[in-house]
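Results of the structural survey
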Amino acid sequence: MDPNTDNPESPKPKYVVSKRLDSMFYSIYHAYQFILRFFREVFVPPYEFKEIIHQCYEVGYKSLPLISLTGFITGIVFTNQSRPSLANFGATSWLPSLISIAIVRALAPLVTALIAAGKVGSNMGAELGSMKVTEQIDAMEVSATNPFKYLVVSRIIATTFMIPVLVMYTAFVALFGAFLSVHSNEQTSFAMFFSQVFDSLSFLDIFSTTFKSTVFGFTIGAVGCYHGYNSSKGTEGVGRAANSAVVAAMFLIFVEEIIIVQIVNAFR
Amino acid sequence: MQQKAIDRNNAVIAIKDLKKSFGDLHVLRGVDLEVYQGENLVVLGRSGTGKSVLIKIISGLLYPDSGEVNVLGREVETLNSRDLMELRLKVGFSFQNSALYDSMTVRKNLEFPLVRNSRNLRRKEINVQVERVLEAVGLSQTIEQMPSELSGGQRKRIGIARTLILRPEIMLYDEPTAGLDPITCIEINNLINEVQEKYNTTSIIITHDLTCAKQTGDRIAMLLDGQFAIQGTFDEVFASPDERVQSFYNYNFTK
């Protein structure tokens, strides 16, 4: 016999489901309010230029080593995995075209966004969560500084601008890795490889990747800040904020990827 | 203690029938309070009685469920964000755990409120003001240290210095001596009195430390069951036959 059904104190399953649904809808509403507040405050002076530049440095420059490594490896691995299939049809000369489309349209934005969600998103969640728990955000507020603008708006702007830049950089590094792999097997020159790469890409590819990266950047910043800024009290809350920031951002990135791909394909 | 000039006709903080609940927990149940210009008011009470909630409402960090909170002639709960920011420049808040920005040095911590609220200040003027408040709290040597390198007492002092840099008219101290050794407690108490004399501030000191209350308070208000049950000088309050007041006194001095 299920011990829970025996216990008159234990809540009924229907009640548990309804409570969870309530909590889910409340979270969505709360997140919506948070985003709305961002848009309300982003255009109103004073503008935190100094903090935005500092955050761009944190998000962009400090992510470069990790992004470079993953981008480079992605390019090499994808080329090595694709070559045998194309070789079966004697179509290895199509490798640069295939690789360029795969990297620019999908791999570079996704890999960069997922790495940034893990590195930048968790960092924001933990940092703001820790500030919340130790009353540093309250301290900022009582010293007549708007902490939302200083901490949240500047971070979201930084990720929104820097993730597309990082995506372009990742695409370049991944293509360079792919070139090395192609060059070592097919003896293709640098000029020929990149001429084939650019021939295969259209304006829509570049535009959709830039747009997608901007959306990913906004998502990473907003989700990281939301979880950190609203973390519950205690050190456990800080850990949970960092963890939720990564999980929620990664989930949303995949959802956004599916939606944006569908929209872009409709224009293709 | 030397008798201070307290203007009993000039209430800089006036609270009427203030109520605040968190879910089913009714923390403040109709608080009435007036704090006068130049006065050090100590709010005593057990943990969880809503002492910190009271000063967070005064500084606009929390909103009351009902009642009026008038600070320097302004109703806090009705202020828009810009007016609230202006008011906060005049109300300093020293946090229980100091709440120093742990990614900044002491210098940057002290500069932060100043730079953000007086954007046209020159570097030289900022340095002078930072050195002035550090000297006031006796910690000039810590200027380039990180908060993690400071002791508990030093952190409290720097926290107080950070609020003083904006020259507030009102100081709110949340448990200023919590977690400190007795000698450091006395030093912090002396600092609170020095700040009051030097900057002519009006202060509310939240504590459950009776030594702190005795040393710093011109008036004591005891928060019991969500209301101020008794107010007066230290001796008047603890001469009360109220069992709750006596048990608080006996516990503090016999523990």
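Residues numbered from 1 in each chain as written. Chains lettered and ligands numbered in written order. Predicted model: local features only at pLDDT ≥ 70, side-chain atom pairs only at ≥ 80, totals over all residues. Heavy atoms only, no water.

Our focus in this paragraph is the side chain of B:K156. In this structure, B:K156 sits in helix α5 (residues 152–164). Here B:K156 sits buried without a salt bridge, and the closest side chain of opposite charge, B:E175, lies 7.4 Å off (N-O distance). (Helix = DSSP H or I, 4+ residues; strand = E, 2+ residues; numbered from the N terminus. Buried < 20%, exposed > 50% of the residue type's maximum accessible area, 1.4 Å probe, protein only. Lys, Arg positive; Asp, Glu negative; His and termini not counted. Salt bridge = Lys/Arg side-chain N within 4 Å of Asp/Glu carboxyl O.)

With that settled, the discussion passes to the pairing of strand β10 (residues 227–232) of chain B. Residue and element names in this part refer to chain B. For strand β9 (residues 219–224) and β10, the ladder comprises 5 bridges, and the chain directions are antiparallel. Counted as the bridge partner of M222 is I230 from β10. Between β9 and β10, which follow one another and run antiparallel, lie 2 residues, and D225 among them has a positive phi close to 50 degrees. (Pairing = 2+ DSSP bridges.)

So, about α5(B). In a regular helix each residue adds 1.5 Å, so 13 residues correspond to 18 Å; α5(B) covers 19 Å between its end C-alpha atoms and thus fits that length. Among the 13 residues that make up α5(B), 10 are buried, leaving the element largely enclosed by the rest of the structure. Of all the positions in α5(B), only B:G153, B:K156, B:R157, B:I158, B:G159, B:I160, B:A161, B:R162, B:T163 and B:L164 are classed as buried. The inward-facing, buried residues of α5(B) contact α6 (136–142) of chain A together with β6 (91–94), α3 (106–117), α4 (123–136), β7 (170–174) and α6 (182–199) of chain B. (Expected span 1.5 Å × (residues − 1). Contact = heavy atoms within 4.5 Å.)

Our focus in this paragraph is the UniProt feature "domain: ABC transporter" (unreviewed entry) in chain B. Per the UniProt annotation, the sites labelled "domain: ABC transporter" (unreviewed entry) are residues 13–250 of chain B. The span residues 13–250 of chain B is 39% helix and 26% strand, and its two end C-alpha atoms sit 31 Å from each other. (UniProt positions renumbered as here; feature names shortened; annotations may be inferred.)

Turning to helix α2 (residues 81–88) of chain B, a few remarks are in order. Inspection of α2(B) places B:L84, B:L87 and B:R88 among the buried residues, and these make up the whole buried set. Along the axis of α2(B), the buried positions cluster into a sector of 100 degrees, meaning they face one direction only. Where α2(B) is buried, its residues contact α6 of chain A together with β4 (66–71), β5 (74–75) and β6 of chain B. (Arc of directions from axis to C-beta.)

Residue and element names in this part refer to chain B. One can find D7 in strand β1 (residues 7–22). In this structure, the C-alpha to C-alpha distance between D7 and E39, residues 32 residues apart in sequence, is 8.2 Å. Other than its neighbours up to four places away in sequence, D7 contacts Y36 and Q37.

Time to look at a negative patch on the surface. Residue and element names in this part refer to chain B. On the surface, D17, D32, E34 and E68 cluster together into a patch of negative charge. Within the secondary structure, D17 sits in strand β1. Note on D17: relative accessible area 39%, which makes it partly exposed. (Patch = residues over 30% accessible without salt bridge, like charges linked within 9 Å, V, L, I, M, F, W, Y side chains within 5 Å. Areas by Shrake-Rupley, 256 points an atom, 1.4 Å probe, with all protein chains shown as cover. Charge placed at Lys NZ, Arg CZ, Asp CG, Glu CD.)

Next up on the list: empty space enclosed by the protein. Tallied over the entire structure, the rule returns 1 cavity of 30 Å³ or more. The space that makes up the largest cavity amounts to roughly 110 Å³. Lining the largest cavity are 13 residues, with A:V142, A:S143, B:F93, B:R162 and B:T163 positioned closest to its centre. The set of elements that each furnish at least two residues to the lining of the largest cavity consists of α6 of chain A together with β6 and α5 of chain B. Top contributing element to the lining of the largest cavity by residue count: β6(B), with 3 residues. When the residues that make up the lining of the largest cavity are grouped by side-chain class, the tally is 8 nonpolar, 3 polar and 2 charged. (1 Å grid on protein atoms, 1.4 Å probe; cavity = no way out; pocket = protein on both sides within 12 Å on 5 of 7 lines; lining within 4 Å. Points joined across faces, edges and corners; volume = space filled by probe spheres on them. Nonpolar A, V, L, I, M, F, W, Y, C, P; charged D, E, K, R; others polar.)

All names here are of chain A. Using the criterion set out here, one finds 22 aromatic pairs over all chains in the structure. On the numbers, 6.2 Å between centres and 55 degrees between planes, the contact of F34 with Y229 is tilted. One end of the pair, F34, is in helix α2 (residues 13–42); the other, Y229, is in helix α9 (residues 203–229), with 195 residues separating them in the sequence. Its relative accessible area of 6% is what places F34 among the buried residues. Between F190 and F194, the aromatic rings sit 4.7 Å apart at their centres with planes inclined by 45 degrees, giving tilted as the arrangement. Here F190 and its partner F194 are both found in helix α8 (residues 190–200), 4 residues apart, which amounts to about one turn of the helix. Residue classification places F190 among the partly exposed positions, given a relative accessible area of 42%. Assessed through its relative accessible area of 9%, F194 is described here as buried. (Phe/Tyr/Trp six-rings, centres within 6.5 Å; stacked < 30°, edge-to-face > 60°.)

A cluster of nonpolar side chains, contributed by A:F251, A:L252, A:V255, A:I258, A:I259, A:I263 and A:F267, occupies part of the molecular surface with about 690 Å² of accessible area. Tracing the backbone shows A:F267 in helix α10 (residues 235–267).

Residue and element names in this part refer to chain B. Mapped onto the fold, R219 is located in strand β9. You can call R219 buried: its relative accessible area is 10%. At a separation of 2.4 Å, a polar atom in the side chain of R219 contacts the main-chain carbonyl oxygen of E34. Residues contacting R219, with those up to four places away along its chain left out, are R8, E34, V35, Y36, E39, N40, L41, V42, Q231 and G232. (Polar contact = N/O pair within 3.5 Å; in protein donor to acceptor, adjacent residues only side chain to side chain.)

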